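One letter stands for each residue in the lines below.
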Amino acid sequence: DELLLSAMAEEPVTPKRVPFATSVRATFSRARQLASEALGKADKTEYDLQFENLAGRVDRAKDAIDKIIKQIEVVLEPNTGRRLEHTWNEKVSRGRAARRTPTELEVLGSLMQACGSEYGQDTAFGSGLIQCGRLQSQLGEKQFALQTAVRDQFIRPLKAFVDGEVKSVAAERKTLGRCRLDLDAARLQAKASTASNSPSAAADQETARIAGDAFHKQLEITRVLLERAQRSTDATIQRVIALLDAQHAYHSAAAEATAALSRDLRRTSGIEPPSYMQSIAARAAGAATALSAPAAAAGPVEEGETRARVLCSYEARDETELALTVDEIVFTRPDSSLPEGWLLGRCNGRQGRVMANYLDFDEVDA
């Protein structure tokens with residue numbers, strides 16, 4: 001950075017404003033140099049390997065960021081019309097609070113509540129629709145919070161990086177390319193003048209020297225900007241972490257809320273969890289549980305007890321219930337004081353009532 005500041009503070013080799021005729025001659029000279037290089041009739045100054053690697057990494061970072069931002073916008077809002085509407089609202093608002101468009105989940109939630117009320121909130125179906133609709137609306141609000149967090153903490157910072165540092169690097173690299181063409185064209189002219197003993201040989205040699213100074217100065221400026229952009233790229237890992245944190249907060253809250261409502265509706269309606277849910281939950285959580293918290297040792301079975309394995313985790317709703325973790329071993333016994341479908345269970349020194357449909361009595365290791 002100090003090198004960049006000192007280089008930019010120096011008096012420029014060429015004036016910022018050049019006459020039109022000089023600009024035209026320079027453009028023509030660069031075009032001729034490019035054509036000669038393409039035909040193999042002129043030498044080309046190559047950048048050093050470190051510079052090429054830096055430039056390549058920055059180019060790949062920009063390409064990756066552009067692709068990821070484009071796709072994550074689709075993930076956040078699959079509906080093309082809503083996506084365009086959001087982009088338009090952002091441009092029109094210019095920093096002010098944009099008009100809030102309800103998410104699809106909020107629309108679904110309102111519809112379910114309206115249908116439930118119309119059918120009859122005193123019926124099982126109507127009441128279930130109303131409760132589910134309220135939850136969908138809440139999930140829609142959380143979805144909007146997820147979208148806002150991802151845009152604020154992931155998309156906008158990355159766009160600012162591309163539109164700021166990366167764009168500045170691109171401009172300096174473009175200037176460097178012109179300096180490189182000027183240098184090679186001046187060297188070629190000086191070489192020809194010297195070979196023919198032209199009276200302008202000394203002047204051409206001086207022009208080549210000045211072009212060389214300008215090229216190396218611009219090369220160092222561009223190198224410093226590339227290194228700074230590379231450091232900024234590495235620091236964007238915090239944006240990836242922010243994305244994951246936002247997704248985790250949303251999905252955790254959604255999983256907890258949907259599981260709680262599902263349990264409540266099953267209890268009130270007397271419907272057991274379907275077998276496919278039990279097997280999916282057991283398989284999905286089984287491997288991770290086996291690594292992090294292996295199933296408890298079985299221990300002796302007391303008289304009147306039956307040994308069972310937990311199919312899916314269950315959170316106790318009150319002190320009378322026994323919290324369960326998938327793959328745990330539970331010892332159960334019938335109890336006439338409990339409602340139908342419930343058993344008295346003990347596990348790891350804890351005791352409480354458990355729902356039989358959360359247990360597997362057939363596939364338990366001996």
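Before reading further, recall that the structure is shown in the block above.
(A) Broad picture of the overall build of the chain. Per the secondary structure count, the chain includes nine helices and five strands. In the chain, the succession of α and β elements from N to C terminus is α-α-α-α-α-α-α-α-α-β-β-β-β-β. Out of the 366 residues belonging to the chain, those deemed buried represent 35%. Partitioning the intrachain contacts of the chain with sequence separation of at least 6 by distance along the chain shows that 68% fall at a separation of at least 24.

(B) Focus on the nonpolar core. Counting 21 residues, the largest nonpolar core has I65, I72, V150, F154 and I155 as the members making the most contacts within it. With 11 residues, the top contributor of residues to this core is helix α6 (residues 124–195). If sequence neighbours within four positions are ignored, I155 has contacts with I69, I72, E73, L76 and V150. One finds A55, V169, I221 and A229 within the second-largest nonpolar core, a separate group that totals 18 residues.

(C) Representation of the side chain of E37 within the structure. Examined against the element boundaries, E37 turns out to sit in helix α2 (residues 20–38). Ignoring any residue separated from it by four or fewer positions in sequence, one finds E37 in contact with A42, D43, K44, R180, L181 and D184.

(D) Structural context of the sheet that holds strand β1 (residues 306–310). The five strands are arranged β4-β3-β2-β1-β5 in an open sheet whose pairing can be described as antiparallel. Pairing within the sheet leaves two strands with one partner each, and these edge strands are β4 (350–355) and β5 (359–360). Strand direction decides the pairing type here: strand β3 (residues 342–347) and β4, joined by six bridges, are antiparallel. Across the sheet, G345 pairs through a bridge with G352, a residue of β4.

(E) Local environment of the pattern of salt bridges. Considering all chains together, one arrives at 19 salt bridges under this definition. Note that R209 is salt-bridged to E206, the shortest N-O span being 2.6 Å. Pair noted here: R209 and E206 are both in helix α7 (residues 201–235), with a separation of three residues, about one helical turn. On the accessibility criterion, R209 (43% relative accessible area) is partly exposed. The salt bridge partner of R209 is D213, with a shortest N-O separation of 2.9 Å. Taken together, the positions of R209 and D213, both in helix α7 and four residues apart, correspond to about one turn of that helix.

(F) Highlighting the environment of L338. Here L338 is to be found in the loop between β2 (329–333) and β3. Along the chain, L338 and R353 lie 15 residues apart, while their C-alpha atoms are 7.9 Å from each other. Contacts of L338, omitting those with residues within four sequence positions, involve L343, L344 and R353.

(G) Geometry of the pairing of β2. The buried count for β2 comes to four of five residues, which makes it a mostly enclosed element. Pairing of β1 with β2, which is carried by four bridges, proceeds in the antiparallel orientation. What sits directly across from A308, in β2, is V330. Pairing of β2 with β3 involves three bridges; the strand directions are antiparallel. From the neighbouring strand, R333 faces β3, where its bridge partner is L344.

(H) Local environment of a nonpolar patch on the surface. A contiguous nonpolar surface patch, about 350 Å² in accessible area, is contributed by I237, V240, I241 and L244. With respect to the helices and strands, L244 occurs in helix α8 (residues 237–269).

(I) Just unusual backbone geometry, in detail. One non-glycine residue, N197, adopts positive backbone phi at about 55 degrees. Position of N197 among the secondary structure elements: in the loop between α6 and α7. In the Ramachandran plot, D327 falls in the positive-phi region, its phi being about 80 degrees despite a non-glycine side chain. Examined against the element boundaries, D327 turns out to sit in the loop between β1 and β2.

About the criteria used
- Residues numbered from 1 in each chain as written.
- Predicted model: local features only at pLDDT ≥ 70, side-chain atom pairs only at ≥ 80, totals over all residues.
- Heavy atoms only, no water.
- Helix = DSSP H or I, 4+ residues; strand = E, 2+ residues; numbered from the N terminus.
- Buried < 20%, exposed > 50% of the residue type's maximum accessible area, 1.4 Å probe, protein only.
- Contact = heavy atoms within 4.5 Å.
- Core = buried A, V, L, I, M, F, W, Y, C linked by side-chain atoms within 4.5 Å.
- Pairing = 2+ DSSP bridges.
- Salt bridge = Lys/Arg side-chain N within 4 Å of Asp/Glu carboxyl O.
- Patch = residues over 30% accessible without salt bridge, like charges linked within 9 Å, V, L, I, M, F, W, Y side chains within 5 Å.
- Areas by Shrake-Rupley, 256 points an atom, 1.4 Å probe, with all protein chains shown as cover.

That is the geometry; function is a separate question.
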